[in-house]
Amino acid sequence: MAKRRSEWTEDELDEMLASAGRGVEAISRSERFAIEVEVIESSRPLSEGEVRDKDRLERTVERAFYEAGRALQELRDRRLYRDEYDSFEDYCRGRFGHSRQKANYLIVGAAIYRTLSAANCPLLPSSEYQVRPLAVLAPQQQPTVWNEAVAEAGGKTPSNRLVRETVGKYRDKGKANVFEVGEVVGILAKDNPRLKGKNNCWAIVTAVHPRSCDLRLHDGAIDLVKIEYLKELGYTEGDCQTVRRLCDRLSRLREREDLEDAAVAFLGILGKLQRPYLSELEEGMLTMLEKYYGVVTD
């Protein structure tokens, strides 16, 4: 172990101190330009026990986001937050200090991790952000694209940017349409004028073509939407059945010619839900509208 004196510029020192919560003005000039930097210079090999501990701890770190995502999904699906919070969004913000979107990222990331692990991928991700670009692919495609990204990274964990680029190349190869009739998908409007105002809406696949799908939305239908404008949501068959029933309810209300603007706006919100179920408040408001307009539900 040795000590080495280093000279730092004021800008470099500002950056270091900012991360430590201390301003450059808080130290003296002599301290500022003569900082003792402790440099550990050791190449001692690890013992067999230390190697085992290192591997175990590294696996714990790598699985941390997976465990978090899996726990959040169970908390959400079982509504275990209902004793203190009215919504999952409020629960995430109040209990964990992050947005619902962050929670959804972790939940989706955990599902992708599980898919990669089940496919025996030789290298698994260590953060949700690394695999976020894979969410636009079908689960059966994700291991192939992930392994390609790992290969591009020289056998190391690929960055989000590299995974995103690999996903783009894969989708441009003209792979077969993987969507199924009855599946619930998300719409990516991008620059498609036919999909204006439909970005992030959910839709139900009613017909599958080689490179496109016919879709049913809560407020109508769109035919021959190319698959590059669709995103798999990863819903189970039970989830898809729930959304199909919701679509029937919304469509019956949309058929009313006397539907007021406030009601139309609320139905539009439900048409962009990023989950396959309604909250208690949403269910109550929808039931109230159905009773108000005399719409009979199954």
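Before reading further, recall that the structure is shown in the block above.
Caption draft 1: Region of the structure containing the overall build of the protein. The secondary structure content of the protein amounts to eleven helices and seven strands. Relative to its 298 residues, the protein shows a buried fraction of 36%. Contacts spanning at least 24 positions in sequence make up 58% of the contacts within the protein whose residues lie at least 6 apart. On the protein, roughly 18,100 Å² of surface is accessible, and the fraction owed to carbon and sulfur atoms is 50%.

Caption draft 2: View of the packing of helix α9 (residues 237–254) against helix α11 (residues 280–292). Orientation of α9 relative to α11, taken along the N-to-C sense of each, is 40 degrees, at an axis distance of 10 Å. Regarding the angle of α9 to α11, the classification is oblique. Note on packing geometry: the crossing formed by α9 with α11 is left-handed. Listed contacts from α11 to Leu246, Arg249, Leu250 and Leu253 of α9 are Glu283, Leu286, Thr287, Leu289 and Glu290. Residues belonging to the contact of α9 with α11 are distributed by class as follows: five nonpolar, one polar and three charged.

Caption draft 3: Focus on helix α5 (residues 100–118). With 19 residues, α5 should reach 27 Å at 1.5 Å per residue; the first-to-last C-alpha distance of 27 Å fits that figure. Those residues of α5 lying buried are Arg100, Ala103, Asn104, Leu106, Ile107, Gly109, Ala110, Ile112, Tyr113 and Leu116. Positive backbone phi, approximately 60 degrees, marks asparagine 120, located one or two places after α5.

Caption draft 4: Just the environment of glutamate 232, in detail. For glutamate 232, the location among the structural elements is in strand β7 (residues 230–232). In this structure glutamate 232 comes out as buried when scored by relative accessible area, which is 16%. Taking the C-alpha atoms as reference points, glutamate 232 and alanine 135, separated by 97 residues in sequence, lie 7.4 Å from one another. For glutamate 232, the contacting residues outside a window of four places in its chain are Ala135, Val136, Leu137, Ala138, Pro139, Phe179 and Glu183.

What counts, and at which threshold
- Residues numbered from 1 in each chain as written.
- Predicted model: local features only at pLDDT ≥ 70, side-chain atom pairs only at ≥ 80, totals over all residues.
- Heavy atoms only, no water.
- Helix = DSSP H or I, 4+ residues; strand = E, 2+ residues; numbered from the N terminus.
- Buried < 20%, exposed > 50% of the residue type's maximum accessible area, 1.4 Å probe, protein only.
- Contact = heavy atoms within 4.5 Å.
- Areas by Shrake-Rupley, 256 points an atom, 1.4 Å probe, with all protein chains shown as cover.
- Axes fitted to C-alpha atoms, helices over the stretch in contact; angles between N-to-C directions.
- Parallel < 35°, antiparallel > 145°, perpendicular 65-115°, else oblique.
- Left-handed = near helix turned anticlockwise from the far one by under 90°.
- Nonpolar A, V, L, I, M, F, W, Y, C, P; charged D, E, K, R; others polar.
- Expected span 1.5 Å × (residues − 1).

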